[in-house]
Amino acid sequence: MTQGAHRTPARRTVLGAAGAAAVLGATTVLPAGAAHADEPRSGATGRGAGHGHGYRSLPVPTVIAHRGASGYRPEHTLGSYRHALDLGAHVIEQDLVPTKDGHLVCRHENDITGTTDVADHPEFASRKTTKSVDGVSLTGWFTEDFTLAELRTLRAKERIPGTRQENTLYDGRWSVPTFEEVLRWAEDEGRRRGREIWLHVETKHPTYFRSLGLGLEERLAKLLRRYGRHRANSPVFLQSFEPSSIQRLAKLVDSPRVVLLSGAGSRPWDFVQAGDPRTVADLVTPAGLRWISSYAQGIGPTLDLIIPKDAGGRLGTPTTLVRDAHAEGLILHPYTHRNENTFLPAEFRRGTDPNAYGDAFGALKRYLETGIDGIFSDNTDTALLAAADLTARD
């Protein structure tokens with residue numbers, strides 16, 4: 001039986017959530033980093049060119065569309081990004097990896113085996129290979145082995161079709177976008193909708209790509225300056241799991257920056273390569289957060305760092321991370337909320353189908369009540385309604 005055969009009303013996209021949250025907070029000016037004389041490209045004007053009020057003007061909690069509306073459309077496609085905006089997302093996320101000829105494209109991973117139809121292209125059969133990426137052995141097809149022209153012949157598809165069978169309806173509908181195309185799209189959408197279109201941009205595997213001569217930060221900074229998103233009040237966040245990537249970006253542009261944090265016992269790959277013994281557990285201490293605040297404006301921790309789970313997968317007692325990060329002036333954008341049972345804490349699962357929707361609102365309530373500043377969600381509409389519930393009680 002397919003997921004759609006016993007869908008519940010919660011599976012339907014909840015419309016009308018766009019107006020659920022009011023803009024909160026005041027304008028702020030971040031400390032200046034590196035100064036640049038670069039001006040936006042011709043035609044980059046108005047709010048889309050970075051003349052807004054900065055990240056403190058965003059609604060709190062901020063709803064960040066994780067890879068777009070990836071609960072409803074194949075991730076990192078213009079269709080997914082546009083649907084997230086239609087649902088009312090405050091910010092849209094992009095993950096960046098390079099092509100062989102140095103163009104930045106939007107894919108969650110450089111391994112495109114599961115997110116494109118590359119396996120159906122006999123002309124690329126010989127490109128299938130095994131690589132070690134950040135210490136993990138992977139077999140498939142990788143963006144760094146394709147020119148942009150070659151990548152444009154591929155079509156995007158749903159990454160987890162077993163879980164999101166309805167998303168496969170859109171397989172092949174969209175191509176893999178370049179980040180420059182997304183920047184132009186954001187400008188056009190900003191003019192059409194009369195507001196800034198905020199982006200949340202991640203450098204993926206930056207140490208790995210730098211070792212291949214495909215450094216991400218300089219390429220990203222060049223595009224940000226070209227499109228006027230290099231300023232402290234520009235409508236963009238820059239994020240990475242590697243602190244050194246954020247430190248490098250801090251020297252290139254003044255855009256707001258976020259350090260992503262995975263499991264407490266893990267080590268950022270740049271730390272591993274540099275012989276730095278610190279783990280994420282060290283970075284979420286007051287001293288570690290103070291160090292992060294010297295070059296970044298926020299953190300993006302896994303939700304388990306906000307509220308750990310017990311051995312049975314149920315939520316426990318919140319940590320002090322929200323309080324400690326706020327004490328250092330850092331905002332928190334944890335990841336990732338999803339509606340399906342398989343992704344929810346145990347007490348919020350409903351029924352026995354792992355792909356069915358559980359009590360997503362109950363889980364979101366627990367997370368949002370901790371005081372986080374925003375949340376990444378595959379289901380923009382659900383997160384917006386939960387945020388509206390929270391602000392209505394305040």
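Note that the coordinates shown come from a computational prediction; the quantities given were computed from them, not determined experimentally. (Residues numbered from 1 in each chain as written. Predicted model: local features only at pLDDT ≥ 70, side-chain atom pairs only at ≥ 80, totals over all residues. Heavy atoms only, no water.)

## Section: the overall build of the chain
Condition: What counts as a helix is a DSSP run of H or I of at least four residues, what counts as a strand is a run of E of at least two, and both are numbered from the N terminus. Whether a residue is buried, partly exposed or exposed follows from its accessible area with a 1.4 Å probe, protein chains only, as a fraction of its type maximum: under 20%, in between, or over 50%, in that order. Two residues form a contact once any of their heavy atoms are found within 4.5 Å. Throughout, the Shrake-Rupley method with a 1.4 Å probe supplies accessible areas, and for residues the shown protein chains are the sole cover considered.
Looking only at helices and strands, the chain has 13 helices and 11 strands in total. Buried residues in the chain amount to 56% of all 394 residues. Long-range pairs, those at least 24 residues apart, make up 70% of the contacts in the chain with a sequence separation of at least 6. On the chain, roughly 15,500 Å² of surface is accessible, and the fraction owed to carbon and sulfur atoms is 52%.

## Considering the confidence of the model for the chain
Heads up, the rule is: Confidence scores labelled pLDDT are given residue by residue by the predictor and lie between 0 and 100.
The predicted model of the chain averages 90 in pLDDT, with 87% of residues at 70 or higher. Confidence drops under a pLDDT of 50 for residues 1-51, and excluding neighbours within four residues, the segment shows 100 contacts in the predicted structure.

## Structural notes on the pairing of strand β4 (residues 129-133)
The two faces of the sheet receive side chains in turn, since in a regular strand these alternate between them. Let me state the cut-off plainly: Between any two strands, pairing holds if DSSP finds at least two bridges.
With five bridges joining them, β4 and strand β5 (residues 136-140) adopt antiparallel strand pairing. The partner of K131 across the bridge, within β5, is L138. Between β4 and β5, which follow one another and run antiparallel, lie two residues, and D134 among them has a positive phi close to 55°.

## Some thoughts on the packing of aromatic side chains
Rule in force here: Stacked, tilted and edge-to-face pairs are distinguished by plane angle, under 30 degrees for stacked and over 60 for edge-to-face with tilted covering the rest, among Phe, Tyr and Trp rings (Trp via its six-membered ring) whose centres lie within 6.5 Å. Only lysine NZ and arginine CZ atoms are considered, and such an atom sits over a ring when it is within 6 Å of the ring centre and within 35 degrees of the ring normal.
Counted under the stated rule, the structure contains nine aromatic pairs. Over the face of the ring belonging to W291 we find R278, whose NZ or CZ atom lies 4.1 Å from the ring centre.

## Examining the nonpolar core
Worth spelling out the cut-off: As used in this record, nonpolar core signifies buried Ala, Val, Leu, Ile, Met, Phe, Trp, Tyr and Cys residues forming a set joined through side-chain atoms within 4.5 Å.
Among the nonpolar cores identified, the biggest contains 80 residues, and F179, L199, L220 and I299 are the most heavily contacted of them. Sequence-distant contacts of L220, that is, excluding residues within four places in its chain, are made with L96, L104, F179, V201, T203, L238 and L249. One finds Y55, W198, F237 and F376 within the second-largest nonpolar core, a separate group that totals 11 residues.

## Things to note about the side chain of E75
Test applied: N or O atoms within 3.5 Å of each other form a polar contact, as long as, within protein, one can give a hydrogen and the other can take it, and as long as residues adjacent in sequence are counted only when both atoms are side-chain atoms.
Positionally, E75 belongs in the loop between β1 (62-65) and α1 (78-87). A polar contact is formed between the side chain of E75 and the side chain of R67, at a distance of 3.0 Å. Polar contacts involving the side chain of E75 include one to the side chain of R159, which spans 3.0 Å. Residues in contact with E75, not counting those within four places in the same chain, are R67, S70, S80, R107, H108, T115 and R159.

## Quick word on the pairing of strand β11 (residues 374-377)
Along β11, one buried face is formed by G374 and F376 and the opposite face, lined by I375 and S377, is buried too. In this structure, β1 lies alongside β11, joined through four bridges in parallel fashion. Residue pairing across strands places A65 opposite S377, the latter belonging to β11.

## Thoughts on the packing of α1 against helix α3 (residues 179-193)
Applicable threshold: Axis definition: a line fit to C-alpha positions, over the contact stretch in the case of helices; interaxial angles, taken between N-to-C directions, run 0 to 180 degrees. Between 65 and 115 degrees an angle is taken as roughly perpendicular, under 35 as roughly parallel, over 145 as roughly antiparallel, and anywhere else as oblique. Take the far helix as the reference: if the near one is turned anticlockwise from it by less than a right angle, the crossing is left-handed, and if turned clockwise, right-handed. For this scheme, ten residues count as nonpolar: Ala, Val, Leu, Ile, Met, Phe, Trp, Tyr, Cys and Pro. Four count as charged, namely Asp, Glu, Lys and Arg, and the remainder, Gly too, count as polar.
At a minimum axis separation of 12 Å, α1 and α3 run at an interaxial angle of 30°. As the angle between them shows, α1 and α3 are arranged roughly parallel. For α1 against α3, the interelement crossing comes out right-handed. Of α3, the residues touching α1 (which contributes L78, Y81, R82, L85 and D86) are V182, W185, E189 and R193. Across the contact of α1 with α3, the residue classes tally to five nonpolar, no polar and four charged.

## Describing the packing of helix α5 (residues 216-226) against helix α6 (residues 243-250)
Packing of α5 against α6 leaves a shortest axis separation of 10 Å and a crossing angle of 40°. Taken together, the axes of α5 and α6 lie oblique to each other. Judged by the sense of rotation from one axis to the other, the crossing of α5 with α6 is right-handed. Side by side, α5 and α6 meet where E217, E218 and L220 of the first sit next to S245, R248 and L249 of the second.

## Side note on the pattern of salt bridges
In plain terms, the rule: Should a side-chain nitrogen of Lys or Arg be within 4 Å of a carboxyl oxygen of Asp or Glu, the pair is scored as a salt bridge.
Tallied over the entire structure, the rule returns 28 salt bridges. The partner of R210 in a salt bridge is E217, and the shortest N-O contact between them spans 2.6 Å. Judged by relative accessible area, which is 29%, R210 ranks as partly exposed. We note a salt bridge from D359 to R350, for which the minimum N-O separation is 3.5 Å. The class for D359 is partly exposed, based on a relative accessible area of 25%. Connected via shared salt-bridge partners are R82, D86, E189, R192 and R193.

## A look at α6
What counts here: Here the arc refers to the directions that run from the helix axis out to each C-beta atom.
Every buried residue of α6 is accounted for by P243, S245, I246, L249 and A250. The buried side chains of α6 occupy one side of the element, clustering within an arc of 160° when seen end-on.

## Overview of unusual backbone geometry
Put simply, V60 and P61 share a cis peptide bond, and its omega is 0°. By secondary structure assignment, the location of P61 is in the segment before β1. Following Y335, the chain continues to T336 via a peptide bond in cis, the omega torsion being -15°. As for its placement among the helices and strands, T336 is situated in the loop between β10 (331-332) and α12 (360-368). A positive phi angle, close to 55°, is found at D134, a residue other than glycine. Examined against the element boundaries, D134 turns out to sit in the loop between β4 and β5. If you check the backbone angles, H205 has positive phi at about 50° while not being a glycine.

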